[in-house]
Amino acid sequence: MDKLTSQEKDFSTWYNNIVLRAELADYAPVKGCMVIRPYGYGIWENIQSILDKMIKSVGVQNAYFPLFIPESFIHKEKEHLAGFSPELAVVTYGGGKELEEKLIVRPTSETIINAMFSKWIQSFRDLPLLINQWANIVRWEMRTRLFLRTTEFLWQEGHTAHSTHDEASEMALTILTIYRDFMQNTLAIPVIYGTKTLSQRFAGAIETYTIEAMMGDRKALQAGTSHDLGQNFSKAFDITYQTKENKLDYVWQTSWGVSTRLIGAVVMVHGDDKGLVLPPNIAPIQVIIVPIWKGDEKGKTVKAVLSLEKRLKNNNKDSGSSLRVRVDTREEFTPGFKFNEWEMKGIPLRVEIGPRDIENSTVTIARRDEGTRMVVKSSEAVEVIIRTLNEIQKNLFLKARRFIDNNTYLVDDWKEFKHKTGFILSHWCGSAECETNIQNETNMTIRCISMDTEEEEGKCIFCGKQSKRRVVFAKAY
RNA sequence: CGGGGGGUAGCGCAGCUGGCAGCGCGCUUGGUUCGGGACCAAGAGGUCGCCGGUUCAAAUCCGGCUCCCCCGACCA
């Protein structure tokens, strides 16, 4: 097996190699599309199951809407249409005949879901209506990258309707908080969060909230969005309800989503030159046990290995959160080969049980995040493994946090601004013109107007006009 | 859409001054190994991206087409 291209040498090649060699995904026969392989899909399933519980915890229910959207629906909200029309896939034939009305393959489901909402919502008693769906969508992007931007991708999209703007706005922020917590606690990826500028707002929203993460090459990746849609869609789709006072009013709405892009983020935030590094909370395999034997020791070794596997799997079994463990008993590979292979796949912990361990009643435990090894008593193995997995989860977050901190700069000088890479906190006057000029000259965009920064008097980094707060600039994926 | 690279065994590639289609890894079988990518032996595996042309003869030369990847513009 060849060595990986290093991150340092070519981050993009490194990323592609990891995705392919860790068997997360493969290129599909259709341009811009990918096949998510079992190992990569296992990560997605873990993301789904954890995030799904969080979404449901605030009263949202799952449903499923069709892949096809009548073309006329897309035309109902004009900003939405303008934003999406360049990247739509359209079906014109079906059953051997040209269709009377073309069908759009959904690029997002606001239109078809809201068409249904207008049927379902009559009274204030029907509100709030809180719906989520796990689905695939299609956007005909010019340039694609595995997980980060593919023609078809998987995501969850939430769509809600409320009786007041305050309530809708609060919903959009509640979801933003859920996304932030999920990123940080589950994926171990620190994020900044805030609002998008007008020019980067979702097509049809009155406010777009975003969470942004920093990848290993210091570029930003938008990891999730939550939109305050105001009444734009309810007016376009005539979603009205009768108030307590017997008046007719339009509902206030939100929509929000995260996608399989998160898997790409995990790769680019935690991965290293040995391969993938997975946070234990989403790793399909948390512990890999590698038996090592010479000659006739096989029987004893396998017995010890299977016994440890059983103890790990039975731990906490009743609470449904038992450890995900696998034993690598393949005889056609040497231990050294297996070590490298499982490191490529990012397994958080490796347990080795060999002749020395058998003799001393110990096991050897190797951490993927720090590359360290320790020998512990067999009787204490389960306890140590659980504790270490927790430490790895925390350590990955702290390392990533430190990386962001070390690559975030307060910049007030234009020359300095142009030469920095990372998150740049600078003043901006608020004009779209400056935003565009800055992008043209530096390739950097405003990632978000962070909710964590205080108001502060200053001067726009580009034009020098008055500014009330710093915003976050970065080059982005 | 602009710039670059590429399509030859499952993967990575060589062969391109026409003349029996190769190498490494992987795969199969048997044996020896096993604490950081083991070794020996014997095997299996190909319409050289597609169409056409030149030639006694084309992976190789000529024309056309097509698909993929990377960098940029666009975007989650």
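Residues numbered from 1 in each chain as written. Chains lettered and ligands numbered in written order. Predicted model: local features only at pLDDT ≥ 70, side-chain atom pairs only at ≥ 80, totals over all residues. Heavy atoms only, no water.

1. Some thoughts on the overall build of chain A
- Within chain A, the regular secondary structure consists of 14 helices and 25 strands.
- A compact globule built from 477 residues should have a C-alpha radius of gyration of about 23 Å, and chain A, at 25 Å, falls within 12% of that.
- With the C-alpha coordinates aligned to their principal axes, the bounding extent of chain A is approximately 80 × 60 × 50 Å.
- Expressed as a percentage of the 477 residues in chain A, the buried residues total 52%.
- When contacts within chain A are restricted to residue pairs at least 6 apart in sequence, those whose partners lie at least 24 apart make up 67%.
- Only carbon and sulfur atoms are counted for the fraction: they give 49% of the accessible area of chain A, which is about 22,500 Å². (Helix = DSSP H or I, 4+ residues; strand = E, 2+ residues; numbered from the N terminus. Rg over C-alpha atoms; globule rule 2.2 N^0.38 Å. Buried < 20%, exposed > 50% of the residue type's maximum accessible area, 1.4 Å probe, protein only. Contact = heavy atoms within 4.5 Å. Areas by Shrake-Rupley, 256 points an atom, 1.4 Å probe, with all protein chains shown as cover.)

2. Focus: the pairing of strand β8 (residues 152–162)
- In terms of burial, β8 is largely enclosed, as 9 of its 11 residues are buried.
- Sheet topology places strand β7 (residues 129–138) next to β8; 10 bridges connect them, and they run antiparallel. Residue Asn 136 lies in a different strand from β8, and its bridge partner there is Leu 154.
- In this sheet, strand β14 (residues 252–259) lies alongside β8 in antiparallel orientation, the contact comprising 8 bridges. Looking across to β14, one finds that Ala 161 is bridged to Gln 253. (Pairing = 2+ DSSP bridges.)

3. Some points on the protein's contact with RNA strand B
- In the vicinity of RNA strand B lie 42 residues, with Lys 31, Arg 143, Arg 149, Phe 153 and Thr 334 positioned nearest.
- Taking all atoms of RNA strand B within 4 Å of the protein, the share assigned to sugar and phosphate is 42%.
- Here a phosphate oxygen of RNA strand B and a side-chain polar atom of Asn 16 are 3.3 Å apart.
- A distance of 2.8 Å is found between a base nitrogen of RNA strand B and a backbone nitrogen or oxygen belonging to Thr 150. (Near = heavy atom within 4 Å. Polar contact = N/O pair within 3.5 Å; in protein donor to acceptor, adjacent residues only side chain to side chain.)

4. Re a negative patch on the surface
- A cluster of acidic residues, Asp 452, Glu 454, Glu 455 and Glu 457, forms a negative patch on the protein surface.
- In this fold, Glu 455 is placed in the loop between β22 (445–450) and β23 (458–459).
- When its relative accessible area of 58% is taken as the criterion, Glu 455 is described as exposed. (Patch = residues over 30% accessible without salt bridge, like charges linked within 9 Å, V, L, I, M, F, W, Y side chains within 5 Å. Salt bridge = Lys/Arg side-chain N within 4 Å of Asp/Glu carboxyl O. Lys, Arg positive; Asp, Glu negative; His and termini not counted. Charge placed at Lys NZ, Arg CZ, Asp CG, Glu CD.)

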